[in-house]
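# Coordinates in review
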Amino acid sequence: IGITQPGQYTGTVSITPQTGASAGLPINIPVTVNATPPITVTPSPASLSLSATVGSSAVQGTVQLATNAATDTPFTTSVNTISGGQWLSATSATTTLPTSLTISANPAGLVAGTYTGSVTINAFNTAIVAIPVTLTVNPPASLQLAPTSLVFNYQTGAAAPATQAVQVTTTG
């Protein structure tokens, strides 16, 4: 079919028998084609950045999936990671669009660094969209002390030594 635009197209198929009682009399069959636009899937946001700390539990983000289809559209998801193993997963409460997709990144076993992957949405093998996901794994927080040690000189029975300050900062 050479239809390139959505819409309703009508026509007639005529069959003319060559032999028999109705030879030469055309039989007309009405034909209607309802052409719909290609299905599209639109994620919002179009990409996701998540952040975790080494040794922490999984972090999650939500992506809304919309479609131009007039009815609920079945879809599947698949995940792919570039490095770091299988730290990425995606779940949804339903298997039809529109819906919300929960994307989880589990930093267990990962060292500090940046990891990339994607979640692919496939609706009818025609509307395929990939959602890039970036996971930044930060080193665990640590305390820094300045100075790193204190010395108090005290003579028994004398007044308490003067106070000394310690500055405490955190990193990570």
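The sections below set out a description of the structure shown in this document. Not measured: the values here are computed from a predicted model.

## Description of the overall build of the protein chain
- What the protein chain contains, in helices and strands, is zero helices and 14 strands.
- Walking the protein chain from its N terminus toward its C terminus, one meets helices and strands in the order β-β-β-β-β-β-β-β-β-β-β-β-β-β.
- Relative to a compact globule of 172 residues, whose C-alpha radius of gyration would be 16 Å, the protein chain shows 33 Å and is clearly more extended.
- Its C-alpha atoms give the protein chain principal-axis dimensions of roughly 135 × 25 × 25 Å.
- When contacts within the protein chain are restricted to residue pairs at least 6 apart in sequence, long-range pairs at least 24 apart make up 58% of them.
- When the accessible surface of the protein chain is summed, it comes to about 11,100 Å², and 56% of that surface belongs to carbon and sulfur atoms.

## Remarks on a nonpolar patch on the surface
- Residues Leu143, Leu145, Leu150, Phe152, Val166 and Val168 make up a contiguous nonpolar surface patch of about 540 Å² in total accessible area.
- The class of Leu143 is exposed, set by a relative accessible area of 62%.

Rules and cut-offs
- Residues numbered from 1 in each chain as written.
- Predicted model: local features only at pLDDT ≥ 70, side-chain atom pairs only at ≥ 80, totals over all residues.
- Heavy atoms only, no water.
- Helix = DSSP H or I, 4+ residues; strand = E, 2+ residues; numbered from the N terminus.
- Rg over C-alpha atoms; globule rule 2.2 N^0.38 Å.
- Contact = heavy atoms within 4.5 Å.
- Areas by Shrake-Rupley, 256 points an atom, 1.4 Å probe, with all protein chains shown as cover.
- Patch = residues over 30% accessible without salt bridge, like charges linked within 9 Å, V, L, I, M, F, W, Y side chains within 5 Å.
- Salt bridge = Lys/Arg side-chain N within 4 Å of Asp/Glu carboxyl O.
- Buried < 20%, exposed > 50% of the residue type's maximum accessible area, 1.4 Å probe, protein only.

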